[in-house]
2 protein chains.
Amino acid sequence: MEIRIMKNILDRNQNKADEVRSLLKSKNVKMVNMISSPGAGKTTLLERTCEKLAKSHRIGVIEGDVTTDRDAQRLKKYEIPIVVINTEGGCHLDSHSISKVLGYFDLDNLDILFVENVGNLICPSQFDLGETFKLAIVSTTEGDDKPAKYPMLFREAAAALLNKIDLIPYTNFNIDNFKNDLRNINGQLPLFEISCTMGDGLENWFQWITKKICP
Amino acid sequence: MEIRIMKNILDRNQNKADEVRSLLKSKNVKMVNMISSPGAGKTTLLERTCEKLAKSHRIGVIEGDVTTDRDAQRLKKYEIPIVVINTEGGCHLDSHSISKVLGYFDLDNLDILFVENVGNLICPSQFDLGETFKLAIVSTTEGDDKPAKYPMLFREAAAALLNKIDLIPYTNFNIDNFKNDLRNINGQLPLFEISCTMGDGLENWFQWITKKICP
């Protein structure tokens, strides 16, 4: 019985996700579902990305958070449209909440809509938001075993970003182990090795995401 | 309708949690539900704790993981009883799975049972396992805003451990902001500032947890 109900919920989520995907496609808006553990650097990546691209591209952001609007406050200075979804304890965003807040954006004047999902490496990867693609973001300080221990996200993502590479010298992070595990899970996954605070490796990321906006 | 069903599920979880709690109390076994983001250092904390206490106290461990037995492998050398629960995609442990695996432990010869929950700062804090108390573990590299952004866990925990304090000089972590937020959420919460890799601050933790075992 529980399984049947869960399936119904997921089915309804899927229908709504398909609706969101069709609407965004008709408006030529790319939607990026950003997934990571808490504190892996999603907001800092958005800060760097807005600094580089917000003048040449029309960027919008949906901020998913359990509570507070702190992440949105950090992005305000880029003068882009931002909507916060507070899940009030909920562990992931879903396509219904995305569908509801899309009305707050002028989709005819938007190139890319970043969705910063709730900080959680598990649940968000199980809910289709109607995104164009998912991004997996993981930081070196979480340890090199994260792809092996949380493989779902890395199977589905269009790219992985390994953040905080500047901290590798101070940790026991082994990049060969990390890459081997990642290759076993998803051999095709592009990987960007970056530091959002120091700026390392970001040019490759900017080029990749720019191409995704205008292929 | 969805809310009603969820309430039923939680009610049943609560009944089983009460059963687990009674059983452990009758055996005088303390059960510690360890909750954190992925990679905050739960397993390394267990390594240090086993090194210090496994000879003087009878320790058992339940390892909750989405997949793999990597954490359990790291603890094998301490020659303590360990049971792995693979949730296969599930985002938290629940009292039913705990109840099932308790049978693998000799509860008459156990002082403390550490449960390393699935790496997730949200869902595990919403499910009572029948634990004696919860521990909130958070690392400096996740940022100083984690208590404010994920307050549920910090409201319920018996203690908080701030791990990776050795990495503070290389990050923008502000310990005053962290402590202010924590105090606003739960002014009574004991806080241990530690580095599980460097050994900083662990003596205070060992003293506190030893007292919890034999008050």
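Now for a look at the structure at hand. (Residues numbered from 1 in each chain as written. Chains lettered and ligands numbered in written order. Predicted model: local features only at pLDDT ≥ 70, side-chain atom pairs only at ≥ 80, totals over all residues. Heavy atoms only, no water.)

## Notes on the overall build of chain A
Here is step 1: What chain A contains, in helices and strands, is eight helices and seven strands.
Here is step 2: Whereas a compact globule of 215 residues would reach a radius of gyration of roughly 17 Å, chain A reaches 17 Å, a difference of no more than 12%.
Here is step 3: In chain A, which comprises 215 residues, the share counted as buried stands at 57%.
Here is step 4: The distance from the centre of the 27 positive side-chain charges to the centre of the 29 negative ones in chain A is 3 Å. (Helix = DSSP H or I, 4+ residues; strand = E, 2+ residues; numbered from the N terminus. Rg over C-alpha atoms; globule rule 2.2 N^0.38 Å. Buried < 20%, exposed > 50% of the residue type's maximum accessible area, 1.4 Å probe, protein only. Lys, Arg positive; Asp, Glu negative; His and termini not counted. Charge placed at Lys NZ, Arg CZ, Asp CG, Glu CD.)

## So, the relation of the copies chain B and chain A
Here is step 1: Each copy superposes on the other: chain B lies on chain A with an RMSD of 0.0 Å after a rotation of 180° and an axial shift of 0.0 Å. Given the turn and translation reported, the copies of this chain are related as if by a two-fold rotation axis. (Least-squares fit on C-alpha atoms with pLDDT ≥ 70 in both.)

## Examining helix α2 (residues 42-53) of chain B
All names here are of chain B.
Here is step 1: The end-to-end C-alpha distance of α2 is 16 Å, a good match for the 16 Å that twelve residues give at a rise of 1.5 Å each.
Here is step 2: Burial within α2 is extensive, with ten of its twelve residues counted as buried.
Here is step 3: Along α2, the positions that sit buried rather than exposed are Lys42, Thr43, Thr44, Leu45, Leu46, Glu47, Arg48, Thr49, Cys50 and Leu53. (Expected span 1.5 Å × (residues − 1).)

## Digging into the pairing of strand β4 (residues 112-116) of chain B
Residue and element names in this part refer to chain B.
Here is step 1: Counted residue by residue, β4 has five buried out of five residues, so it is predominantly covered.
Here is step 2: Residues Ile112, Phe114 and Glu116 point to one face of β4 and Leu113 and Val115 to the other, with burial holding for every one of them.
Here is step 3: As defined by bridge partners, strand β1 (residues 30-35) adjoins β4 across five bridges and the pair is classed as parallel. Across the sheet, residue Met34 finds its bridge partner in β4, namely Glu116.
Here is step 4: Where strand β2 (residues 59-65) and β4 come together, five bridges link them in parallel fashion. Bridge pairing in β4 places Gly60 opposite Leu113. (Pairing = 2+ DSSP bridges.)

## Considerations on the sheet that holds β4(B)
All names here are of chain B.
Here is step 1: Strand order in this open sheet of seven strands is β3-β2-β4-β1-β5-β6-β7, and the pairing throughout is parallel. Across the chains shown, the open sheet's two edge strands, defined by having one partner strand only, are β3 (82-86) and β7 (191-193). Strand-to-strand twist of the sheet, defined as the mean angle between neighbouring strand axes without regard to direction, takes the value 20°.
Here is step 2: Pairing geometry for β2 and β3, over five bridges, is parallel. Counted as the bridge partner of Glu63 is Val84 from β3.
Here is step 3: Along the sheet face, helix α8 (residues 202-213) touches β1, β4, β5 (133-139), β6 (159-163) and β7 and points at about 165° away from the line of β5. (Axes fitted to C-alpha atoms, helices over the stretch in contact; angles between N-to-C directions. Contact = heavy atoms within 4.5 Å.)

Purely geometric numbers; function is a separate question.
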